[in-house]
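Each chain, letter by letter, is given below.
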Amino acid sequence: MVAAGYCMYGSAIDLIVTFMKGVHRFTLDDSIGEFVHMGPMAFPSVPKKIYSCNEGNYSLWDPKIQAAVEKFKNPQGAGEKPYAARYVGSMVSDVHRTILYGGIFLYPADKKSTKGKLRLLYEGLPMASIIEQAGGVASTGLFNGKVGRILDVVPEHIHDRCPIIMGSPRDTAKVLSLYD
(Lines give C-alpha, C1' and ligand atoms only; values in the text may rest on other atoms or scores of the structure.)
Protein backbone atom coordinates (compact mmCIF):
# COMPACT_ATOMS: atom_id res chain seq x y z
CA MET A 1 0.00 0.00 0.00
CA VAL A 2 1.41 3.38 -0.98
CA ALA A 3 -1.51 5.62 0.03
CA ALA A 4 -4.89 5.53 1.74
CA GLY A 5 -7.58 8.05 2.51
CA TYR A 6 -11.21 8.85 3.11
CA CYS A 7 -13.59 11.78 2.98
CA MET A 8 -15.89 12.77 5.86
CA TYR A 9 -19.05 14.71 5.10
CA GLY A 10 -20.77 16.55 7.94
CA SER A 11 -20.72 20.08 9.32
CA ALA A 12 -17.31 20.22 7.62
CA ILE A 13 -15.96 18.23 4.70
CA ASP A 14 -12.64 16.63 5.61
CA LEU A 15 -10.24 14.72 3.39
CA ILE A 16 -7.86 12.47 5.35
CA VAL A 17 -4.85 10.98 3.55
CA THR A 18 -1.65 9.12 4.23
CA PHE A 19 1.23 8.43 1.90
CA MET A 20 2.73 6.23 4.65
CA LYS A 21 4.55 9.14 6.26
CA GLY A 22 1.99 10.39 8.76
CA VAL A 23 -1.65 11.32 8.28
CA HIS A 24 -2.82 14.70 7.01
CA ARG A 25 -6.18 16.41 7.30
CA PHE A 26 -7.61 18.79 4.71
CA THR A 27 -10.88 20.69 5.20
CA LEU A 28 -12.97 22.18 2.41
CA ASP A 29 -13.06 25.96 2.61
CA ASP A 30 -16.31 26.98 0.92
CA SER A 31 -15.16 30.57 0.48
CA ILE A 32 -12.38 29.56 -1.93
CA GLY A 33 -13.72 26.18 -3.07
CA GLU A 34 -10.53 24.32 -2.13
CA PHE A 35 -9.30 21.93 0.52
CA VAL A 36 -7.01 23.62 3.05
CA HIS A 37 -4.31 21.64 4.86
CA MET A 38 -5.21 21.63 8.56
CA GLY A 39 -2.06 19.81 9.59
CA PRO A 40 -1.07 16.34 10.72
CA MET A 41 -3.61 14.08 12.37
CA ALA A 42 -2.67 11.74 15.21
CA PHE A 43 -4.14 9.99 18.22
CA PRO A 44 -4.28 12.21 21.30
CA SER A 45 -1.61 11.55 23.94
CA VAL A 46 -4.37 11.01 26.51
CA PRO A 47 -7.16 9.21 24.64
CA LYS A 48 -10.75 9.44 25.78
CA LYS A 49 -12.47 6.28 26.94
CA ILE A 50 -14.75 5.47 24.00
CA TYR A 51 -15.56 2.10 22.48
CA SER A 52 -17.36 1.60 19.20
CA CYS A 53 -18.89 -1.69 18.07
CA ASN A 54 -22.19 -3.21 16.96
CA GLU A 55 -23.29 -4.83 20.20
CA GLY A 56 -26.20 -6.44 18.36
CA ASN A 57 -23.68 -9.17 17.44
CA TYR A 58 -22.46 -9.66 21.05
CA SER A 59 -23.86 -13.18 21.43
CA LEU A 60 -22.00 -14.27 18.27
CA TRP A 61 -18.54 -13.01 19.32
CA ASP A 62 -15.83 -15.15 20.82
CA PRO A 63 -15.58 -15.03 24.66
CA LYS A 64 -12.42 -12.84 24.58
CA ILE A 65 -14.15 -10.06 22.63
CA GLN A 66 -17.19 -10.33 24.87
CA ALA A 67 -14.93 -10.04 27.95
CA ALA A 68 -13.15 -6.99 26.50
CA VAL A 69 -16.41 -5.15 25.83
CA GLU A 70 -17.64 -6.05 29.33
CA LYS A 71 -14.44 -4.54 30.79
CA PHE A 72 -15.03 -1.34 28.81
CA LYS A 73 -18.61 -1.15 30.11
CA ASN A 74 -17.93 -2.31 33.68
CA PRO A 75 -14.35 -1.62 34.75
CA GLN A 76 -13.19 -3.43 37.88
CA GLY A 77 -10.53 -0.99 39.14
CA ALA A 78 -11.28 1.30 42.06
CA GLY A 79 -12.49 4.66 40.80
CA GLU A 80 -12.38 3.62 37.14
CA LYS A 81 -15.18 5.00 35.01
CA PRO A 82 -16.81 3.03 32.21
CA TYR A 83 -16.09 3.80 28.58
CA ALA A 84 -18.69 5.72 26.58
CA ALA A 85 -20.35 3.70 23.82
CA ARG A 86 -20.44 5.46 20.45
CA TYR A 87 -21.43 3.54 17.32
CA VAL A 88 -22.60 5.27 14.17
CA GLY A 89 -22.59 2.15 12.00
CA SER A 90 -20.28 3.69 9.42
CA MET A 91 -16.68 2.52 9.70
CA VAL A 92 -15.34 5.82 8.32
CA SER A 93 -17.28 7.93 10.83
CA ASP A 94 -16.45 5.67 13.76
CA VAL A 95 -12.74 5.43 12.90
CA HIS A 96 -12.52 9.19 12.23
CA ARG A 97 -13.88 9.89 15.73
CA THR A 98 -11.55 7.23 17.17
CA ILE A 99 -8.49 8.97 15.71
CA LEU A 100 -9.63 12.44 16.80
CA TYR A 101 -10.52 11.53 20.40
CA GLY A 102 -8.99 8.13 21.09
CA GLY A 103 -10.68 4.89 22.02
CA ILE A 104 -11.28 1.74 20.03
CA PHE A 105 -13.33 0.51 17.05
CA LEU A 106 -14.19 -3.18 16.88
CA TYR A 107 -15.83 -5.21 14.12
CA PRO A 108 -14.70 -8.70 15.14
CA ALA A 109 -15.33 -12.01 13.46
CA ASP A 110 -18.32 -13.88 14.83
CA LYS A 111 -20.07 -17.24 14.56
CA LYS A 112 -21.91 -16.18 11.38
CA SER A 113 -19.03 -14.32 9.74
CA THR A 114 -15.97 -16.31 10.82
CA LYS A 115 -13.63 -14.27 8.60
CA GLY A 116 -15.12 -10.95 9.67
CA LYS A 117 -17.51 -8.79 7.74
CA LEU A 118 -15.47 -5.85 6.51
CA ARG A 119 -13.59 -6.10 3.20
CA LEU A 120 -9.83 -6.37 3.52
CA LEU A 121 -8.80 -4.50 0.35
CA TYR A 122 -11.02 -1.46 0.56
CA GLU A 123 -11.90 -1.20 4.26
CA GLY A 124 -9.42 -3.11 6.43
CA LEU A 125 -6.09 -2.31 4.78
CA PRO A 126 -6.69 1.38 3.99
CA MET A 127 -8.08 2.16 7.44
CA ALA A 128 -5.35 0.11 9.14
CA SER A 129 -2.75 2.15 7.24
CA ILE A 130 -4.31 5.39 8.42
CA ILE A 131 -4.68 4.16 12.02
CA GLU A 132 -1.07 2.98 12.24
CA GLN A 133 0.29 6.12 10.58
CA ALA A 134 -1.68 8.17 13.14
CA GLY A 135 0.01 6.28 15.99
CA GLY A 136 -2.64 3.64 16.65
CA VAL A 137 -2.84 -0.14 16.42
CA ALA A 138 -4.81 -2.11 13.82
CA SER A 139 -5.24 -5.82 14.53
CA THR A 140 -7.36 -8.69 13.30
CA GLY A 141 -7.67 -10.10 16.80
CA LEU A 142 -7.70 -13.89 16.62
CA PHE A 143 -7.89 -14.70 12.90
CA ASN A 144 -6.74 -17.82 11.06
CA GLY A 145 -5.36 -19.22 14.33
CA LYS A 146 -3.26 -16.23 15.38
CA VAL A 147 -3.43 -12.61 16.49
CA GLY A 148 -1.84 -10.25 13.99
CA ARG A 149 -1.74 -6.91 12.23
CA ILE A 150 -4.31 -6.19 9.56
CA LEU A 151 -1.47 -4.92 7.35
CA ASP A 152 0.11 -8.40 7.47
CA VAL A 153 -2.96 -10.12 6.00
CA VAL A 154 -2.34 -11.07 2.38
CA PRO A 155 -5.50 -11.00 0.26
CA GLU A 156 -6.20 -13.99 -1.94
CA HIS A 157 -9.34 -12.59 -3.58
CA ILE A 158 -10.64 -9.08 -4.22
CA HIS A 159 -13.55 -9.44 -1.76
CA ASP A 160 -11.67 -11.14 1.11
CA ARG A 161 -12.82 -10.08 4.56
CA CYS A 162 -11.08 -9.63 7.89
CA PRO A 163 -11.97 -8.88 11.51
CA ILE A 164 -11.14 -5.38 12.78
CA ILE A 165 -9.82 -4.22 16.16
CA MET A 166 -8.27 -0.76 15.81
CA GLY A 167 -7.68 2.32 17.86
CA SER A 168 -5.42 3.84 20.48
CA PRO A 169 -2.57 1.64 21.72
CA ARG A 170 -3.96 1.65 25.30
CA ASP A 171 -7.35 0.30 24.28
CA THR A 172 -6.28 -2.20 21.64
CA ALA A 173 -3.77 -3.61 24.15
CA LYS A 174 -6.63 -4.24 26.59
CA VAL A 175 -8.38 -6.39 23.99
CA LEU A 176 -5.35 -8.14 22.52
CA SER A 177 -3.88 -9.00 25.96
CA LEU A 178 -6.84 -11.31 26.51
CA TYR A 179 -5.42 -13.58 23.78
CA ASP A 180 -2.03 -14.01 25.55
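The shown structure was predicted, so the numbers you read here are calculated from the model rather than taken from an experiment.

Glancing now at the packing of aromatic side chains. Applying the stated criterion across every chain, the model contains three aromatic pairs. Relative to Y83, the ring of F72 has its centre 4.6 Å away and its plane inclined at 40°; by these criteria the two rings are tilted. Separated by eleven residues along the polypeptide, F72 in helix α1 (residues 63–73) and Y83 in the loop between α1 and β6 (84–85) bring together distant segments of the chain. Of the two residues, F72 and Y83, neither departs from the other in class, the shared state being buried. The cationic tip of K73 hangs over the ring face of Y58; the distance from NZ or CZ to the ring centre is 6.0 Å.

All told, the structure shown has seven salt bridges when counted by the stated rule. Where R97 meets D94, a salt bridge forms, and the shortest distance between an N and an O atom there is 3.1 Å. With R97 and D94 both in helix α2 (residues 91–101) and three residues apart, this pair spans about one turn of that helix. Here R149 makes a salt bridge to D152, at a shortest N to O gap of 3.2 Å. By relative accessible area, which is 37% here, R149 ends up partly exposed. Shared partners join several salt bridges into a network, and the residues in it are E55, E70 and K73.

On to α2, then. Turning to α2, its buried residues number three or more, namely M91, D94, V95, H96, R97, T98 and I99. Once α2 ends, the next one or two residues include G102, with phi positive near 95°.

So, how was this worked out
Residues numbered from 1 in each chain as written. Predicted model: local features only at pLDDT ≥ 70, side-chain atom pairs only at ≥ 80, totals over all residues. Heavy atoms only, no water. Phe/Tyr/Trp six-rings, centres within 6.5 Å; stacked < 30°, edge-to-face > 60°. Helix = DSSP H or I, 4+ residues; strand = E, 2+ residues; numbered from the N terminus. Buried < 20%, exposed > 50% of the residue type's maximum accessible area, 1.4 Å probe, protein only. Lys NZ or Arg CZ within 6 Å of the ring centre and 35° of its normal. Salt bridge = Lys/Arg side-chain N within 4 Å of Asp/Glu carboxyl O.

Nothing here speaks to function; it is geometry throughout.
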